[in-house]
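Spelled out from the first residue to the last, the chains are:
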Amino acid sequence: MEKLHDQGASQASIGRTLGVHRATISRELRRGRWRTSNTSAAYTPYRPAALRTGPATRTQYRAAHAERRPGKRAAASHQPYRMLNDRLVNWVIDHLQRAWTPEEICGRLPLDFPEDPAMRACPETLYAWIYSKDQRERELWQYLCRGRKRRRRRGGRRTHSERFKWRTSIHDRPAVVEDRLEFGHWESDSVLGAPGTGALHTSVERTSRYLQAVRIPDTTAKQTLKAQLQIYQSMPAHAVRSVTADNGSEFAWHYKLADALAVPTYFADPYSAWQRGTNEHFNGRIRKYLPKRTSFADLSQDELDEFIAEINNRPRKCLGWLTPAEVFQELCWDQAMPCCTSA
């Protein structure tokens with residue numbers, strides 16, 4: 001193509017000779033255009049660009065130069081350029097060590113550095129950087145919520161069975177709960193410690209993403225009901241409208257919760273944790289403080305409250321980077337009712 005172009009052949013004739021469309025030739029000539037002055041400053045004339053003439057300034061097409069360009073572009077693609085900024089790297093590492101997620105870090109950067117465009121990144125940039133070969137020795141993956149060495153996709157089983165009777169399915173739950181349009185709907189679950197050392201009962205409010213947790217000696221229906229009453233009885237009525245749970249036997253006394261507080265319980269489909277994903281997500285955050293197989297024997301409620309308070313005071317993207325504690329407090333006071341957010 002280079003020789004035909006130098007001979008003055010038209011783009012259409014070059015295309016016919018090479019068996020491609022003339023638009024392909026046009027794009028290639030545009031991408032691969034080159035001047036001698038691009039390579040050596042000695043060729044750059046001292047006249048205005050509009051008056052430049054001669055071989056040093058005339059646009060040419062050279063196959064060798066055109067061939068090198070795609071290679072350079074390919075080598076430069078998918079590189080975390082943002083993470084070449086030492087100030088940004090130090091800020092990111094500092095907040096990763098404080099258990100912030102990449103999404104929280106990226107969302108907070110524009111608020112803390114509104115005048116510095118270099119202090120910007122997207123969550124995928126951070127994940128790619130954390131798992132890149134160059135950062136492998138730093139082992140930054142251990143500061144992520146799940147702490148996995150490798151990124152992976154997750155799938156789930158689709159088997160469905162019923163654990164106990166007298167349950168109300170999640171499919172009968174009002175649409176206002178699904179859309180998070182109404183305050184006071186909770187998701188509940190249990191977090192297990194090492195065998196024989198107890199567990200945690202966790203509840204998350206769907207609208208504010210506010211988390212509460214109570215240490216229980218075991219995951220029996222009696223202890224779970226006691227924990228639920230401890231959490232919900234301290235709140236105003238409009239802050240507790242319903243509970244969504246999985247099919248664990250610890251929720252078998254759901255009807256007693258309804259008798260005591262007039263709060264219905266809806267049950268997700270078996271093996272469908274995604275139907276109550278907010279609670280699963282926050283259980284993962286608790287696992288950053290209390291990894292699996294951790295003994296809860298020496299865990300006090302005061303220590304647990306400190307962990308929960310730290311989680312509730314971290315900004316969330318879905319809340320406009322407000323914290324769950326701030327949103328929960330505001331919604332609690334919506335109807336001029338006192339509310340406890342000490343945890």
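What comes next concerns the included structure. Since we're looking at a predicted model, the values are computed, not measured.

## Some thoughts on the overall build of the protein chain
Alright, step 1. Counting its regular elements, the protein chain contains 14 helices and eight strands.
Alright, step 2. Every one of the 343 residues in the protein chain was classed for burial, and the buried ones make up 41%.
Alright, step 3. By element, 50% of the accessible surface of the protein chain is carried by carbon and sulfur atoms, the whole surface being about 19900 Å².

## Considerations on the nonpolar core
Alright, step 1. Ranked by internal contacts, the top residues of the largest apolar core, which has 23 residues, are Trp-186, Tyr-232, Met-235, Val-240, Leu-257 and Phe-328.
Alright, step 2. Where this core is concerned, the elements lending two or more residues are strand S6 (211-216), helix H10 (221-232) and helix H14 (324-332).
Alright, step 3. Judged by nonpolar contacts, the second largest core, of 20 residues, contains Leu-88, Trp-91, Leu-96 and Leu-126.

## Quick notes on the packing of helix H12 (residues 277-289) against helix H13 (residues 301-312)
Alright, step 1. The geometry of H12 relative to H13 is characterised by a closest axis approach of 10 Å and an angle of 125° between their N-to-C directions. Looking at the two axes, H12 sits oblique to H13. Seen from above, H12 lies across H13 with right-handed handedness. Packed against H12, whose contacting residues are Phe-282, Arg-285, Ile-286 and Tyr-289, the element H13 presents Phe-307, Ile-308, Glu-310 and Ile-311 at the interface.
Alright, step 2. In terms of residue class, the contact of H12 with H13 is made up of six nonpolar, no polar and two charged.

## A short note on the sheet that holds strand S5 (residues 199-205)
Alright, step 1. Read across the open sheet, the six strands follow the order S3-S8-S7-S4-S5-S6; overall the sheet is mixed. The open sheet terminates on both sides in strands that have one partner only, identified here as strand S3 (168-169) and S6.
Alright, step 2. With two bridges joining them, S3 and strand S8 (residues 265-267) adopt parallel strand pairing. Each residue of the ladder has a partner; that of Thr-168, found in S8, is Tyr-266.
Alright, step 3. Of the strands in this sheet, strand S4 (185-192), S5 and S6 are in contact with H12, which crosses S4 at around 40°.

## Remarks on H14
Alright, step 1. Pro-324, Ala-325, Val-327, Phe-328, Leu-331 and Cys-332 are the residues of H14 that are buried. Summarising the axial view, the buried residues of H14 lie within an arc of 165°, below the 170-degree limit, and thus occupy one face.
Alright, step 2. On its buried side, H14 packs onto S4, S5 and H13.

## Comments concerning the packing of H10 against helix H11 (residues 254-261)
Alright, step 1. As a packed pair, H10 and H11 sit with axes 10 Å apart at the nearest point and diverge in direction by 30°. By the angle between their axes, H10 is roughly parallel relative to H11. Crossing handedness for the pair H10 and H11: right-handed. Of the residues in H11, those touching H10 at Leu-225, Gln-228, Leu-229 and Tyr-232 are Lys-256, Leu-257, Ala-260 and Leu-261.
Alright, step 2. Residue composition of the contact of H10 with H11, grouped by class: six nonpolar, one polar and one charged.

## Description of the packing of aromatic side chains
Alright, step 1. In this structure the tally under the stated criterion is six aromatic pairs.
Alright, step 2. Arranged with centres 4.1 Å apart and planes meeting at 10°, the rings of Tyr-210 and Phe-328 form a pair that is stacked. In this pair, Tyr-210 is assigned in the loop between S5 and S6 and Phe-328 in helix H14, connecting sequence segments 118 residues apart.
Alright, step 3. We classify Phe-328 as buried; its relative accessible area is 0%.
Alright, step 4. Over the face of the ring belonging to Trp-253 we find Lys-256, whose NZ or CZ atom lies 3.5 Å from the ring centre.
Alright, step 5. The ring centre of Phe-282 lies 5.5 Å from the NZ or CZ of Arg-285, which sits over that ring.

Criteria and cut-off values
All residue numbers refer to positions counted from 1 along the written sequence of the respective chain. For this predicted model, a pLDDT threshold of at least 70 governs which residues receive local features, and a threshold of 80 or more governs which side-chain atom pairs are given and counted, while totals over whole chains, interfaces and linings are taken from all residues. With hydrogens and water excluded, all non-hydrogen atoms of the structure serve as input to the side-chain values. In DSSP terms, a helix is any run of H or I states spanning at least four residues, a strand is any run of E spanning at least two, and both are numbered starting from the N terminus. Working definition: with a 1.4 Å probe on protein chains only, accessible area under 20% of the residue-type maximum means buried, over 50% means exposed, and in between means partly exposed. The Shrake-Rupley method, run with a 1.4 Å probe, gives the accessible areas here. Residue values count only the displayed protein chains as cover. Residues enter a nonpolar core if they are buried and are Ala, Val, Leu, Ile, Met, Phe, Trp, Tyr or Cys, with the set joined through side-chain atoms within 4.5 Å. The axes used here are C-alpha line fits, helices contributing only the stretch in contact, and every angle between their N-to-C directions lies in the interval 0 to 180 degrees. Put simply, angles under 35 degrees are roughly parallel, angles over 145 are roughly antiparallel, angles from 65 to 115 are roughly perpendicular, and the rest are oblique. When the near helix sits turned anticlockwise from the far one by under a right angle, the crossing is termed left-handed; a clockwise turn instead gives a right-handed crossing. Between two residues, a contact is recorded if the distance between any of their heavy atoms is within 4.5 Å. Polar here means any residue outside two lists: the nonpolar Ala, Val, Leu, Ile, Met, Phe, Trp, Tyr, Cys and Pro, and the charged Asp, Glu, Lys and Arg; Gly therefore counts as polar. Pairs of strands are assigned from DSSP output, requiring at least two bridges between the strands. By construction, the arc corresponds to the directions joining the helix axis to the C-beta atoms. Aromatic pairs are defined between Phe, Tyr and Trp rings, using the six-membered ring for Trp, whenever the two ring centres lie within 6.5 Å; interplanar angles under 30 degrees are classed as stacked, those over 60 as edge-to-face, and all others as tilted. We call a charge positioned above a ring when the Lys NZ or Arg CZ atom is no farther than 6 Å from the ring centre and deviates by at most 35 degrees from the ring normal.

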